[in-house]
Amino acid sequence: MISIKNLHASIEDKEILKGIDLEVKAGEVHAIMGPNGSGKSTLASVLAGREDYEITEGSVTFENEDLLELSPEERAQKGIFLAFQYPVEIPGVSTTNFLKTAINQVREARGQKALDAVHFLKLMKEKMKLVDIDQALLSRSLNEGFSGGEKKRNEIFQMAMLEPKLAVLDETDSGLDIDALKIVADGVNTLKTKDTATIVVTHYQRLLEYIVPDYVHVLYQGRIVKSGDKSLAFELEEKGYDWIKEEVAAI
Amino acid sequence: MSTDEQILEEFTSKEYEHGWSVDFEADEAPLGINDDIIRFISAKKEEPEWLLEWRLKAFKQWQKMTEPNWANVKYPKVDYQSIRYYSAPKQDKKPKSLDEVDPELLKTFERLGISLQEQKRLTGVAVDAVIDSVSVATTFKEKLSELGVIFCSFSEAVHEHPELIKKYLGSVVPANDNYFAALNSAVFSDGSFCYIPKGVRCPMELSTYFRINAANTGQFERTLIVAEDDSYVSYLEGCTAPQRDENQLHAAVVEIYAAKNAEVKYSTVQNWYPGDKNGKGGIYNFVTKRGICAGDHSKISWTQVETGSAVTWKYPSCILKGDNSIGEFYSVAVTNNHQQADTGTKMIHLGKNTRSRIVSKGISAGKSQNSYRGQVEIMKRAENARNFSQCDSLLMGDKCGAHTFPYIDIKNKSAQVEHEATTSKIGEDQIFYCQQRGIDEETAVALIVGGFAKEVMNKLPMEFAVEARKLLALTLEGSVG
């Protein structure tokens, strides 16, 4: 589904990603772990098309298309979804209104007819049940005054509504208590199909107890320095990141 | 179709949409202003002697006044002798119905999206359309007259209802009130008159469309609204002007009189040509709008969405004379490129238990300057007066400016006055967030700005709100990135 080759990215002339290689197929869940400042969130942002970053080398192919040529909205329209670490507040715009605009623009880009109010509401109802979110929250200004848990749950609800092919969850577990974490993870698991893929970016192993990855990659100093199956996550939880750092230093 | 979709659909054209002009055979006054020009205008309109005298007196006063320069706007001095003060579309006889109206004129309305036919049939809005200062078609008059509501052009009112005009003209905005009001009083060409008799709730929104057509024509319309005891009216005013390189002057006066228990809601969507990207051309919009809550428990509410004009100087105000009367001002002012706006309101509390509420949302983009100027005055006799003011500014980019000048003057200790102000910037984070959900940048800006202005937009009558949201989006096109 997505193929990342030798990806280098800088911000203000500082190189953050120094040659990432990653291959994600449909139906797979990949976890990207690593210590703070290793470039995890940068990778998520680069995939979503954030313009602050300059791609200096490498390629990203999504469904046989050069992803790096596409604008952020085109990437979204083609099925890439980023659940933000810090969801942004938009005062005066309800989640409902926001999503209606988003969905219809995505549909338009795909040559589909816009959803009318009736079908949109039907879809909303269906997805609300799926991620167990309250109607009242969706009528409020997007993310404004939301608790950490409400923000993250709202991200997952948006994901449910937009039905992406590739979901990138950027530190979705940060700031969540265990109950909220479970709800978010349940949502992600429910939405997972054999045709979709998920990249979970996280510092801690605990989210991976609920969203079980097929592959775990350790990102350190802008490179993937170790890959393995879910047991790697447990190992990291137990031993921390220092042994990885030492291994890298030894090379 | 939802509002959002409509905005989206019409989101593609970058140029000023209403930038075209239609050739009518104009019936014009020579350039400049003097006693003779005023006599010419008055004669053209077959006015009674007293009105001519009133005009001439205003002109005399205007000559002694100097153009105000306290507003936070800069523009080259207006040469008042190079303006044409009267220009009427030529018509052989007055039309009795729409069928008799010049088809070119009707086309003009259609391009503006206000086909009278459509409006008549679909929305039930009575439109008194003013092109280049003379009313050409008035609809629904008969239906309104059954209720005793008078809604007609100002010129017609002068002939048909002289006693009302004589009584109320200049009663809220005296001819010598300020420089531009005095100029208007001397040369006003037409406008609208609206009278709601005692106890009548006007069953439809009354709407006037203004449009400046001929080049070098100043438009000086006058609107007078009188609401008698226990009456209600909602009045809409929309403005557009064709695109021209030279600056055109627009100096209107609006007067509202609300008697006991009367309520007047006045909504404006102003979209005068703002000039091009380099600040060339555009309308100077120097307008005096004022209402008086003369009777107890009366209410006047101003709602404005200002997206146009090169320079705006405008402060819709309320004089709260009656006890328990209420004044409201809801405003969204958008400036882009080189536009300058100095706008706000005055709330003058004279009566007991009077209340006023001010909600101002300023949006600045490009190299524009957007100022809120408000005055809240609590007079000695105004026991327990209350005011709440909220001024929010939204900045787009780092070359524009937002300014707030709130003046508060309290002469009664029982007053409660609150003022809140915020300034924020449209963040790249907000735009990126929208884009990541598949929303393009222009739509994202429209969405964010719409959210910011929501509280005011919600005060607009439905059919106006749609247009206003479209205008907001169009005005801000291309202003990010």
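The residue numbering used here restarts from 1 in each chain and proceeds along that chain's sequence as written. For naming, the first written chain is A and the first written ligand is 1, with later ones following in the order written. In keeping with the predicted nature of the model, local features appear solely for residues at pLDDT of at least 70, side-chain atom pairs appear and are counted solely at 80 or more, and the whole-chain, interface and lining totals rest on all residues. Based on all heavy atoms of the structure, the side-chain values leave hydrogens and waters out of the count.

Under an unreviewed UniProt entry, the name given to chain B is Iron-regulated ABC transporter membrane component SufB, and the organism recorded is Ekhidna lutea. Quoted verbatim from the Sequence similarities (unreviewed entry) field of the UniProt record, the comment on chain B reads "Belongs to the iron-sulfur cluster assembly SufBD family." UniProt positions are given in the numbering used here, feature names are shortened, and annotations may be inferred rather than shown by experiment.

An unreviewed UniProt entry lists chain A under the name Iron-regulated ABC transporter ATPase subunit SufC, from Ekhidna lutea.

Peer 1: I'm lost on the overall build of chain B in this one. Help?
Peer 2: Starting at the N terminus, helices and strands are each numbered in turn, a helix being any DSSP run of H or I of at least four residues and a strand any DSSP run of E of at least two. Of regular secondary structure, chain B possesses 12 helices and 23 strands. Residue burial in chain B is summarised as follows: out of 481 residues, 62% are buried. Of the contacts made within chain B by residues no fewer than 6 positions apart, 84% connect residues no fewer than 24 positions apart. For chain B, the computed accessible surface area is about 18,600 Å², with 47% contributed by carbon and sulfur atoms. Type-normalised accessible area, obtained with a 1.4 Å probe on protein chains alone, sets the label of each residue: buried when under 20%, exposed when over 50%, and partly exposed for intermediate values. Residue contacts follow a heavy-atom distance rule, with two residues in contact if any of their heavy atoms lie within 4.5 Å. All accessible-area figures derive from a Shrake-Rupley calculation using a 1.4 Å probe, and residue coverage is judged against the displayed protein chains alone.

Peer 1: In this structure, what is going on with the overall build of chain A? I would like to understand it.
Peer 2: Of the regular secondary structure elements, chain A holds nine helices and 12 strands. Taken over the C-alpha trace, chain A has a radius of gyration of 18 Å; the compact-globule value for 251 residues is 18 Å, and the two agree within 12%. In terms of its C-alpha atoms, chain A occupies a principal-axis envelope of roughly 60 × 40 × 35 Å. Split into buried and exposed, the 251 residues of chain A put 54% on the buried side. Sequence-distant contacts in chain A: of pairs separated by 6 or more residues, those separated by 24 or more amount to 69%. Computed over 30 positive and 42 negative side-chain charges, the separation of the two mean positions in chain A equals 5 Å. The globule rule used here is 2.2 Å times the number of residues to the 0.38 power, and the radius of gyration it is set against is calculated over C-alpha atoms. Charge assignment: positive for Lys and Arg, negative for Asp and Glu; neither His nor the chain ends contribute. In this description, the location of a charge corresponds to atom NZ of lysine, CZ of arginine, CG of aspartate or CD of glutamate.

Peer 1: Please explain empty space enclosed by the protein as it appears in this structure.
Peer 2: If a probe as big as a water molecule is rolled over the atoms, it shows which places are left empty. Residues and elements named next belong to chain B. Here a cavity is any set of points on a 1 Å grid over the protein atoms alone where a 1.4 Å probe fits but cannot get out, and a pocket is any open set with protein on both sides within 12 Å along at least 5 of 7 lines; a residue lines the site when it has an atom within 4 Å of a point. Grid points are joined across faces, edges and corners, and a volume is the space filled by probe spheres set on the points. Going through the model one piece at a time under the given rule, you end up with nine cavities of 30 Å³ or more. Space inside the second largest cavity adds up to approximately 100 Å³. Lining the second largest cavity are 18 residues, with Ser 360, Gly 362, Asn 370, Ser 371 and Tyr 372 sitting closest to its centre. Those elements giving two or more residues to the lining of the second largest cavity turn out to be strand S17 (326-335), strand S18 (340-349), strand S19 (355-364), strand S20 (369-378), strand S21 (386-395) and strand S22 (401-410).

Peer 1: In this structure, what is going on with the UniProt feature "domain: ABC transporter" (unreviewed entry) in chain A? I would like to understand it.
Peer 2: If you check UniProt for "domain: ABC transporter" (unreviewed entry), the listed places come out as residues 2-246 of chain A in our numbering. End C-alpha to end C-alpha, residues 2-246 of chain A measures 31 Å, and it is 38% helix and 29% strand.

Peer 1: Which parts of the structure should I look at to understand the sheet that holds strand S2 (residues 14-24) of chain A?
Peer 2: By definition, the strands of a sheet pair up through backbone hydrogen bonds, in either a parallel or an antiparallel sense. Residues and elements named next belong to chain A. A pair of strands counts as paired when DSSP detects no fewer than two bridges linking them. Overall, antiparallel pairing links the four strands, which are arranged S2-S1-S4-S5 in an open sheet. In this open sheet, the two strands that pair with only one neighbour each are S2 and strand S5 (65-66). Where strand S1 (residues 2-11) and strand S4 (residues 54-62) come together, seven bridges link them in antiparallel fashion. Across the sheet, the residue bridging to His 8 is Glu 57, located in S4. Helix H1 (residues 40-48) rests against S1, S2 and S4 of the sheet, and its axis sits at about 110° to S1. As a rule, the C-alpha atoms of each element are fitted with a line to give its axis, helices using only the stretch in contact, and angles between N-to-C directions run from 0 to 180 degrees.

Peer 1: Would you mind going over the pattern of salt bridges with me for this structure?
Peer 2: Between side chains of opposite charge, a pair can form as their charged atoms come close. Salt bridges, as used here, are contacts in which a Lys or Arg side-chain nitrogen is within 4 Å of a carboxyl oxygen on Asp or Glu. Counted by the stated rule, this structure contains 22 salt bridges over all chains. In this structure, Asp 52 of chain A and Arg 50 of chain A form a salt bridge, with 3.3 Å as the shortest nitrogen-oxygen distance. Judged by relative accessible area, Asp 52 of chain A falls into the partly exposed class, the value being 38%. Lys 78 of chain A is the salt-bridge partner of Glu 65 of chain A, the closest N and O atoms lying 3.7 Å from each other. Placement of the pair is Glu 65 of chain A in strand S5 and Lys 78 of chain A in the loop between helix H2 (72-77) and strand S6 (80-83), with a sequence separation of 13 residues. With relative accessibility at 32%, the residue Lys 78 of chain A sits in the partly exposed group. Where salt bridges share partners, they join Arg 50 and Asp 52 of chain A together with Asp 429 of chain B into one cluster.

Peer 1: Where do I start with helix H4 (residues 117-131) of chain A in this structure?
Peer 2: In an α-helix, one turn spans 3.6 residues; hence positions three or four apart end up facing the same way. Residue and element names in this part refer to chain A. An expected span of 1.5 Å times one less than the residue number is assigned to each helix. Here H4 spans 21 Å end to end across 15 residues, near enough to the 21 Å set by a 1.5 Å rise per residue. Looking only at H4, the buried set comprises Phe 120, Leu 123, Met 124, Lys 127, Met 128 and Val 131. An end-on view of H4 places all buried positions within 135° of arc, on one side of the element. Of the exposed residues in H4, those oriented more than 90 degrees away from the buried face are Val 118, Lys 122, Lys 125 and Lys 129. Of the surrounding secondary structure, the elements contacted by the buried residues of H4 are helix H3 (95-109), helix H5 (135-139), helix H6 (148-162) and helix H7 (178-191). Just downstream of H4, Asp 132 is the residue with a positive phi angle, here 55°. Summarising the geometry, the arc corresponds to the directions from the helix axis toward the C-beta atoms.

Peer 1: I keep staring at the interface of chain B and chain A and nothing clicks. Help me out?
Peer 2: A common way to express how large an interface is: the accessible area buried when the components associate. At the junction of the two partners, chain B supplies 23 residues and chain A supplies 36 residues. The buried area of a pairing is the accessible area, by a 1.4 Å probe, that goes missing from both parts when the two are put together, added over both. Both sides of the chain B and chain A interface together cover about 2,400 Å² of buried area, and 57% of this is carbon and sulfur. Ranking the residues of chain B by area buried against chain A places Phe 432, Tyr 433 and Arg 437 of chain B at the top, with a combined share of 32%. Of the charged contacts in the structure, one is a salt bridge between Asp 429 of chain B and Arg 50 of chain A, with a shortest N-O distance of 2.3 Å. Contacts described as polar in this section are N or O atom pairs within 3.5 Å, which, within protein, must combine one atom able to donate a hydrogen with one able to accept it, while residues neighboring in sequence count only if both atoms come from side chains. The tally of links from chain B across to chain A stands at 15 residue pairs in polar contact (both at pLDDT 80 or more). Residue assignment for the side of chain B that touches chain A shows that the elements contributing at least two residues are helix H1 (3-9), helix H10 (428-436) and helix H11 (441-457) of chain B. At eight residues, H10 of chain B tops the list of elements feeding residues into the side of chain B that touches chain A. Three classes are used, and their members are as follows: Ala, Val, Leu, Ile, Met, Phe, Trp, Tyr, Cys and Pro are nonpolar, Asp, Glu, Lys and Arg are charged, and the others, Gly among them, are polar. For the side of chain B that touches chain A, the per-class residue count stands at eight nonpolar, seven polar and eight charged.

Peer 1: Any chance you could explain the packing of H4 of chain A against H6 of chain A here in plain terms?
Peer 2: In a pair of packed helices, the angle between the axes and the distance between the axes together describe the arrangement. All names here are of chain A. Orientation of H4 relative to H6, taken along the N-to-C sense of each, is 130°, at an axis distance of 9 Å. For the element pair H4 / H6, the angle class is oblique. Handedness of the H4/H6 crossing: right-handed. Along the contact surface, H4 presents Phe 120, Leu 123, Met 124, Lys 127, Met 128 and Val 131, while H6 presents Arg 153, Ile 156, Phe 157, Ala 160 and Met 161. Angles below 35 degrees are treated as roughly parallel, those above 145 as roughly antiparallel, those between 65 and 115 as roughly perpendicular, and all remaining angles as oblique. By definition, turning the near helix anticlockwise from the far helix through less than a right angle yields a left-handed crossing, and turning it clockwise yields a right-handed one.

Peer 1: How do you make sense of unusual backbone geometry when you look at a structure like this?
Peer 2: Most peptide bonds take the trans form, and the phi angle of most residues other than glycine is negative. With a phi angle near 45°, Glu 171 of chain A is a residue other than glycine that sits in the positive phi range. Along the chain, Glu 171 of chain A turns up in the loop between strand S9 (166-170) and H7. At His 297 of chain B, a residue that is not glycine, the phi angle is positive and equals roughly 55°. Mapped onto the fold, His 297 of chain B is located in the loop between strand S13 (282-293) and strand S14 (299-306).

Peer 1: What am I meant to see in the packing of aromatic side chains here?
Peer 2: What describes a pair of aromatic rings is the distance from one ring centre to the other and the angle between the planes of the rings. A pair of aromatic rings is counted whenever rings of Phe, Tyr or Trp (Trp by its six-membered ring) have centres within 6.5 Å, and the orientation is called stacked for planes under 30 degrees apart, edge-to-face for over 60 and tilted otherwise. Using the criterion set out here, one finds 24 aromatic pairs over all chains in the structure. Ring centres of Phe 151 of chain B and Tyr 235 of chain B lie 6.1 Å apart, and the angle between their planes is 90°; on these two criteria the pair is classed as edge-to-face. Remark: Tyr 235 of chain B occurs in strand S9 (residues 232-240) and Phe 151 of chain B occurs in strand S5 (residues 150-153); sequence separation between them is 84 residues. Ring geometry for Tyr 235 of chain B against Tyr 266 of chain B: centres 5.1 Å apart, planes inclined by 25°, an arrangement best described as stacked. Separated by 31 residues along the polypeptide, Tyr 235 of chain B in strand S9 and Tyr 266 of chain B in strand S12 (residues 263-271) bring together distant segments of the chain. Relative accessible area serves as the criterion here: at 0%, Tyr 266 of chain B is assigned to the buried category. Ring-pair connections join several aromatic residues into one group, and the members of that group are Phe 59, Trp 62, Trp 70, Tyr 75, Tyr 80, Tyr 179, Phe 180, Tyr 284, Phe 286, Trp 313 and Tyr 315 of chain B. Geometrically, a charge over a ring is one whose NZ (Lys) or CZ (Arg) sits within 6 Å of the ring centre while staying within 35 degrees of the ring normal. One Lys or Arg, Lys 239 of chain A, reaches over the ring of Trp 243 of chain A and ends 4.4 Å from the middle of that ring. Against the face of Phe 188 of chain B rests Arg 55 of chain B, its NZ or CZ located 4.0 Å from the ring centre.

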